[in-house]
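Now for the letters of each chain:
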Amino acid sequence: MRGMLRTFLTTRQVTDQKCTGENYRALDTFPQDVGDVPPHPARKLSTAQQRVLAATFATASDATARRNPNSTVYTRVQNEPGLRGGQVTFGQDVTLDEVRFVRDLRVSGPIKLTLDGHATATLRAETGGRTHEVTLTWKAFSTRPSLSGTFDGIPFD
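This structure is a prediction, so every number in the text was calculated from the model and none was measured.

A. Region of interest: the overall build of the protein. The helix and strand tally for the protein stands at two helices and eight strands. Along the protein, from the amino end to the carboxyl end, the secondary structure elements read α-α-β-β-β-β-β-β-β-β. Taken across its 157 residues, the protein has 34% of its residues classed as buried. A fraction of 34% describes how many contacts in the protein between residues 6 or more apart in sequence connect residues 24 or more apart.

B. Spatial organisation of the environment of Leu-136. Among the secondary structure elements, Leu-136 is positioned in strand S6 (residues 130-139). Exposure remark for Leu-136: the relative accessible area of 0% places this residue in the buried category. Leu-136 sits 13 residues away from Gly-149 along the chain, and the two C-alpha atoms are 4.5 Å apart. Discounting chain neighbours no more than four positions away, the residues touching Leu-136 are Leu-53, Thr-56, Phe-57, Ala-60, Ala-119, Thr-120, Ala-121, Leu-123, Leu-147, Ser-148 and Phe-156.

C. Quick peek at the pattern of salt bridges. Per the counting criterion, the structure on display carries seven salt bridges. Between Glu-126 and Arg-124 there is a salt bridge; the shortest N-O distance is 3.2 Å. Its relative accessible area of 34% is what places Arg-124 among the partly exposed residues. Each of the salt bridges in this network shares a partner with another, and the network as a whole consists of Glu-98, Arg-106, Arg-124 and Glu-126.

D. View of the packing of aromatic side chains. Taken as a whole, this structure holds two aromatic pairs when the rule is applied. Ring centres 5.7 Å apart and planes at 80 degrees place the aromatic pair Phe-30 and Phe-101 in the edge-to-face group. Residue Phe-30 is found in the loop between helix H1 (2-11) and helix H2 (47-65), and its partner Phe-101 is found in the loop between strand S3 (94-99) and strand S4 (106-113); the two are separated by 71 residues along the sequence. Phe-101 sits in the buried class, given a relative accessible area of 3%. The interplanar angle of 85 degrees and the centroid separation of 5.2 Å between the aromatic rings of Phe-57 and Trp-138 together place this pair among those described as edge-to-face. Taken as a pair, Phe-57 in helix H2 and Trp-138 in strand S6 lie far apart in primary sequence, 81 residues in all. For the pair Phe-57 and Trp-138, a shared accessibility class is recorded, and that class is buried.

The rules behind these values
- Residues numbered from 1 in each chain as written.
- Predicted model: local features only at pLDDT ≥ 70, side-chain atom pairs only at ≥ 80, totals over all residues.
- Heavy atoms only, no water.
- Helix = DSSP H or I, 4+ residues; strand = E, 2+ residues; numbered from the N terminus.
- Buried < 20%, exposed > 50% of the residue type's maximum accessible area, 1.4 Å probe, protein only.
- Contact = heavy atoms within 4.5 Å.
- Salt bridge = Lys/Arg side-chain N within 4 Å of Asp/Glu carboxyl O.
- Phe/Tyr/Trp six-rings, centres within 6.5 Å; stacked < 30°, edge-to-face > 60°.

As structure tokens, then:
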């Protein structure tokens, strides 16, 4: 492991193909609130809805990243807290229970992961006294996932 890290830091090349950057997203800092999240470019949604959608997706993708198939410990953990609260449970599905990736948004519901890494989520996102019904479909463990679904019944992709 140290040798791989040293090689990457000095040459910027990955020597072990089981551990690729494609599986991880790097962030400067984690957003604090929904307003800090860049809006998802869903054309039929308002900017506020696009931000809630993007924060909901960040919550879901953060939870599914913990089930990365290239991790050696991913099958051992059954429960973990959300970044700022709530609970993520790993079973047949990944289940979110009022998980907070940002302080002012709670996300709940199941995420189904297929063996080939596709994720489908049926979520309830609560913020500002409103509850939004969000469905998401994306390729998990990818740095450039193609996201589609619905936001309060409005389709996007």
